Amino acid sequence: MAIRDILHHPDERLRTRAKTVSKYDDKLETLVADMFETMYAAPGIGLAATQIDVHLRVMVVDCGKQDPYPLHFINPELTLLEGTEEMEEGCLSVPGIFETVSRAETIKVRAFDQYGIQFEMEADGLLAVCIQHEIEHLEGKLFVDKLSNFKQKRIIKKLSKLNT
Ligand code: GNR
Ligand code: NI
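A. Geometry of the nonpolar core. One finds Val61, Phe73, Leu127 and Ile131 to be the most contacted residues of the largest nonpolar core, which totals 19 residues. Secondary structure elements with two or more residues in this core: β2 (58-61), β3 (71-82), β6 (106-112), β7 (118-124) and α2 (125-138). In terms of residue count, α2 provides more of this core than any other element does, six residues in total. For Ile131, the contacting residues outside a window of four places in its chain are Met59, Val61, Phe73, Leu78, Ile107, Val109 and Ala123. In this structure, Leu31, Phe36, Ala49 and Val58 belong to the second largest nonpolar core, which totals 14 residues.

Put into structure tokens, the structure is as follows:
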């Protein structure tokens, strides 16, 4: 297992659209294990493969208190989006920034586990927010894209000061 480097906004690689996983092999198992290790080390409650510069539809989530948890999703697809909810979000790729964004309140997600077994689950609250946040990473999107241009510019300025 290994902790992988996390890309930071505005790195263009975060804008890559992840490809569908087609092989359920040892390499996928290692990727999932490394993603959990990287997420816990950060620490974070979710991680998408995009964030470690692997452009495959793979994501891990551990919001705690879920049954069962931790969770991993291969080729996730949202099959239901219901209601709206506002929550303050953060992102390991946008360190130190916390902003309120609006998302669906209740979701259903269909995915495969690392062995290729399909499952579907319903989620609400923090887990639903986190799953939507991770799926957007796989599409090359970030939560800051939902903010005003003014806020987006301010965030990039703040992040550039951290890195230099
Ligand atoms: O650690 C994380 N916390 C978090 C809090 C509110 C909404 C979403 C998240 S996900 C984030 C980890 C991360 O960047 N995942 O992509
Ligand atoms: Ni994120």
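B. Structural view of the pattern of salt bridges. Within this structure, the stated rule accounts for ten salt bridges. Taking the shortest distance from any N to any O, the salt bridge between Asp53 and Arg13 comes out at 3.5 Å. With Asp53 in the loop between β1 (46-48) and β2 and Arg13 in the segment before α1 (26-41), this residue pair connects regions lying 40 residues apart in the sequence. Take Arg13: its relative accessible area is 41%, and that puts it in the partly exposed class. Between Lys151 and Glu99 there is a salt bridge; the shortest N-O distance is 3.1 Å. Highlighted residues: Lys151 in helix α3 (residues 149-163) and Glu99 in strand β5 (residues 99-103), separated in sequence by 52 residues.

C. Layout of the site of ligand 1. Neighbouring residues of ligand 1: 13 residues in total, closest Ile45, Gln51, Leu92, Glu134 and His137. Leu92 is positioned such that a nitrogen or oxygen atom in its backbone is 2.8 Å from an oxygen atom of ligand 1. His133 has a polar side-chain atom sitting 3.2 Å from an oxygen atom of ligand 1. Here ligand 1 loses 90% of its free accessible area of 380 Å² to cover by the protein chains. A majority-of-atoms criterion places ligand 1 in the largest pocket. Elements that contribute at least two residues to the shell around ligand 1 include exactly β4 (85-89) and α2. For the shell around ligand 1, the leading source of residues is α2, giving four residues. Partitioning the shell around ligand 1 into residue classes produces four nonpolar, six polar and three charged.

Calculation notes
Residues numbered from 1 in each chain as written. Chains lettered and ligands numbered in written order. Predicted model: local features only at pLDDT ≥ 70, side-chain atom pairs only at ≥ 80, totals over all residues. Heavy atoms only, no water. Core = buried A, V, L, I, M, F, W, Y, C linked by side-chain atoms within 4.5 Å. Buried < 20%, exposed > 50% of the residue type's maximum accessible area, 1.4 Å probe, protein only. Helix = DSSP H or I, 4+ residues; strand = E, 2+ residues; numbered from the N terminus. Contact = heavy atoms within 4.5 Å. Salt bridge = Lys/Arg side-chain N within 4 Å of Asp/Glu carboxyl O. Near = heavy atom within 4 Å. Polar contact = N/O pair within 3.5 Å; in protein donor to acceptor, adjacent residues only side chain to side chain. Areas by Shrake-Rupley, 256 points an atom, 1.4 Å probe, with all protein chains shown as cover. 1 Å grid on protein atoms, 1.4 Å probe; cavity = no way out; pocket = protein on both sides within 12 Å on 5 of 7 lines; lining within 4 Å. Sits in = over half its atoms within 2 Å of the grid points. Nonpolar A, V, L, I, M, F, W, Y, C, P; charged D, E, K, R; others polar.

Nothing here speaks to function; it is geometry throughout.
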